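Here are the chains, one letter per residue:
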Amino acid sequence: MSAERAAAHRRIAALRAELRHHDYLYYVAAAPEISDEQYDRLLRELRDLEQAWPDLVTPDSPTQRVGERPLEGFAHVTHAIPMLSIDNTYSPGELREFDARVRKALGDRPFEYVVDPKIDGVAVSLRYEDGRLVLGATRGDGTTGDDITANLRTIRSVPLALHGRGWPRILEVRGEVYWPRPAFERFNAARRAAGEEPFKNPRNGAAGTLKQLDARLVAGRGLAFQAHGLGVLEPPLPDVTTQTELFARLREWGIPVSPHLRTFRDIDRLLAFVEEWDAQRRGLDYDTDGLVIKVNELVLRAVLGTTARSPRWCIAYKYAAEQAETTLLSVDYQVGKLGTITPVANLAPVELAGTTVKRASLHNFDQVRRLDLHIGDTVTVEKAGEIIPQVVAVDPARRPPDARPIAPPPRCPACDGEVAQDEGGVYLRCINPECRAQLVERLRFFCARDQMDVEGVGEQLAEKLVAAGLVRTYADLYRLKDRFDELVRLEFAPADAGRKAVELGEVRARKLLAGIEVSRTRPLARLLAALNIRHVGATTAELLAEHFGSLEALAAADEAALQQVEGVGPEVAASVRQFFTSSGGRHILAELRAVGLDPRQARRAAPASGPLVGKTVVVTGTLARYTRAEVEALIKAHGGKPSGSVSRKTDFLVAGAEAGSKLDKARALGVRVLSESEFEALLQSE
Ligand SMILES: [Zn+2]
């Protein structure tokens, strides 16, 4: 019996190794050596053996890709390193601007670009611990995603166990799940044959498939994965200095990366390749809508850093979008949160890039004039990626005789208030500070996820709250609890015509109020961003909050004081000053204070104990995981004092890559020197 078991054990190990090897040949090396039938025969033999010897089954066996039971729902996963989005460009000129920014920031340091096709798929993160796949998650909002491990395990190009050796203990790979065209077409053909609605395009199909709670439904669809970046890496790989080297490692470990990677030192050569690739990309068996261009040297990426949303060392180039012709039926107006009146085209429905388009942006009246647009015109609409469709051209030769020109509205279409041309005359703005449409938009923005994060306040509810007179200022949100009965009775239009209108109801009203109360705990930076001050986005709000610590201190700061803040120039300073000295701004502040909303940040009491309290810390060289501003904020948050120069009073020197004279001086003075990882370990030792 035990000899038989030992033989089974050996055969199982051999079969698994063989199947993994063929997965590698098929998905990574793109050079399969056996047919699908031969592969299936090996897999069947393994499955039979494992059925006979169930105690020999391990979770990373190729037979264990598909779970047996559907999930109840997806758990949430917080990404240790956020999954940032990438900025897009659409023209060679914009790409040259990106190149100029990078060159300016890097000075005379030599570097090259690495260029990779941008797959039109779904971004995911795979986490390997000790070489085993332990977690797969969606990007979600970049910070928190869904745990879709069970679904990702079914994708054959995702290795359950890494190949070779030398992988770090923790390896997080970021990449794209996509649906190769042939598999997608097969699936849609089967759906049509079964009388079911086919998927519109492979991207939507892949996204929908990954949302399935039953991994068995995902397994047969033939999704694929390709890596494009990294998350957590522990320990770091000291001898890997570029993405090209990194991708070579990933390939060795069995993780598919693009076979089309190219590097360029010269922007003109790169642009020539961009043009050339437009034709080549159509020959691939998956959809790519552009290229991703990154600085290849990892240490220089750290020098360039990131904005709140996207890295500065990376940009996507998207090819000209698909276009279609249709008829302009009418024009509506939208009033934005700063009063901007935007014309929106209503179109005869037309199929474009896999979706039906009925509305398109006209941006501003300057654009309407430039196109000489008339109601009834035949227009060209264009759609690029996730971008809202836009009207890009008009055919005047096909203009019907009864076509009417489009005039800018003489008064605000939402409140009938006065309108004014913006500086430059491009935008038309409603200047009525009480304008309802603006208030609705501001309220939505205030409550949105990146700001105060009050769940449920979308366009519909914001509209109702304003229309019912329940909310006139942000502060009124925090007074809603005193108008509970009115809130409960707010009426909404029914989903189906003919049904009765529905009330908000007690349950939803209580949930809303609870969400509003929780939002009181948002830090100052979030509140500042929520106030919708021109030029103050998430990053600037963070810097201002850290520097001033309270709304009161910020409101008292003059332009000179504001410009003391790193990253705040004259334009931002003037805009902030203008907000806090205007009667509207002062009123908003007084109202927020009246309802007890006055968060403090950074200048709150420093931690009483911990390894950095009262210590002077100097940072030198380039850190891999923090910008200079970030690491200084971190030191301050732990009660330490960041300083620019090394002296006998310095307690710690944190030395990154390319540390120079400060490191020598610290060593000479006997100051304790920490690497980036040692610094992080010290922070965690509290
Ligand atoms: Zn208005």
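Residues numbered from 1 in each chain as written. Predicted model: local features only at pLDDT ≥ 70, side-chain atom pairs only at ≥ 80, totals over all residues. Heavy atoms only, no water.

**Q** Help me understand the packing of helix H21 (residues 570-581) against helix H22 (residues 583-594), please; the structure alone is not making it clear to me.
**A** Working note: a packed helix pair is described by the angle between its axes plus the distance between those axes. Their axes nearest at 4 Å, the elements H21 and H22 cross at an angle of 70 degrees. Taken together, the axes of H21 and H22 are roughly perpendicular relative to one another. Here Phe-579, Phe-580 and Thr-581 of H21 lie close against H22, whose contacting residues are Ser-583, Gly-585, Arg-586, Ile-588 and Leu-589. Residue classes in the contact of H21 with H22 are distributed as four nonpolar, three polar and one charged. (Axes fitted to C-alpha atoms, helices over the stretch in contact; angles between N-to-C directions. Helix = DSSP H or I, 4+ residues; strand = E, 2+ residues; numbered from the N terminus. Parallel < 35°, antiparallel > 145°, perpendicular 65-115°, else oblique. Contact = heavy atoms within 4.5 Å. Nonpolar A, V, L, I, M, F, W, Y, C, P; charged D, E, K, R; others polar.)

**Q** Honestly, the coordination of the zinc ion in this entry has me stumped. Any pointers?
**A** In an ideal octahedron of six donors the angles at the metal are 90 or 180 degrees, and in an ideal tetrahedron of four donors they are 109.5 degrees. Only Cys-412 (SG), Cys-415 (SG), Cys-430 (SG) and Cys-435 (SG) from the protein coordinate the zinc ion, and they sit 2.2 to 2.4 Å from it. Mapping the donors of the zinc ion onto the primary sequence gives the spacing C-x2-C-x14-C-x4-C. Taken together, the residues span a long stretch of sequence, with Cys-412 in the loop between strand S18 (404-405) and strand S19 (419-421) and Cys-435 in the loop between strand S20 (428-430) and helix H12 (436-447) at a distance of 23 residues. In this structure Cys-435 comes out as buried when scored by relative accessible area, which is 0%. (Donors = N, O, S within 2.8 Å, 3.2 Å for Na, K, Ca; no water. Buried < 20%, exposed > 50% of the residue type's maximum accessible area, 1.4 Å probe, protein only.)

**Q** Could you clarify how one ought to interpret the confidence of the model for the chain in this entry?
**A** If pLDDT is low for a region, its predicted coordinates should not be looked at in detail. Looking at the chain, pLDDT values average 86 and 95% of them are 70 or higher. The secondary-structure element of the chain with the lowest mean pLDDT is helix H23 (residues 628-637), recorded at 74, while strand S7 (residues 170-178) shows the highest, at 96. (pLDDT = per-residue confidence, 0-100.)

**Q** Can you walk me through the pairing of strand S25 (residues 652-655) in this structure?
**A** Note on strand geometry: in a regular strand, side chains alternate between the two faces of the sheet. By the alternation rule, side chains of S25 split into Phe-652 and Val-654 and Leu-653 and Ala-655, which are all buried. Taken together, the four bridges between strand S23 (residues 616-620) and S25 define a ladder with parallel strand orientation. Bridge assignment links Val-619 to a residue of S25, and that residue is Val-654. In the classification by handedness, the crossover that spans S25, the intervening helix H24 (residues 661-669) and the parallel strand S26 (residues 672-674) is right-handed. (Pairing = 2+ DSSP bridges. Right-handed = clockwise from strand over helix to strand, strands pointing away.)

**Q** Can you help me understand the environment of Arg-153 in this one?
**A** Positionally, Arg-153 belongs in helix H4 (residues 149-153). Among the residues examined, Arg-153 registers a relative accessible area of 16% and is labelled buried. The contact partners of Arg-153, leaving out residues within four places of it in the chain, are Pro-59, Gln-64, Arg-65, Leu-133 and Leu-160.

**Q** Sorry, what's going on with the sheet that holds S26 here?
**A** Strands in a sheet are paired, the pairing made by backbone hydrogen bonds, and the direction either parallel or antiparallel. The sheet built from four strands is open, its strands ordered S24-S23-S25-S26 with parallel pairing. Lying at the two open borders of the sheet, with one neighbouring strand each, are strand S24 (641-643) and S26. Ignoring which end each strand starts from, the neighbouring axes of this sheet average 30 degrees apart. Examined bridge by bridge, S23 and S24 share three bridges and lie parallel to one another. Looking at the pairing, Val-617 lines up with Pro-642 of S24. Helix-sheet contacts for H24 involve S23, S25 and S26, and the interaxial angle to S25 is about 145 degrees. In this fold helix H25 (residues 676-684) packs onto S25 and S26, with an angle of close to 100 degrees to the strand it touches most, S26.

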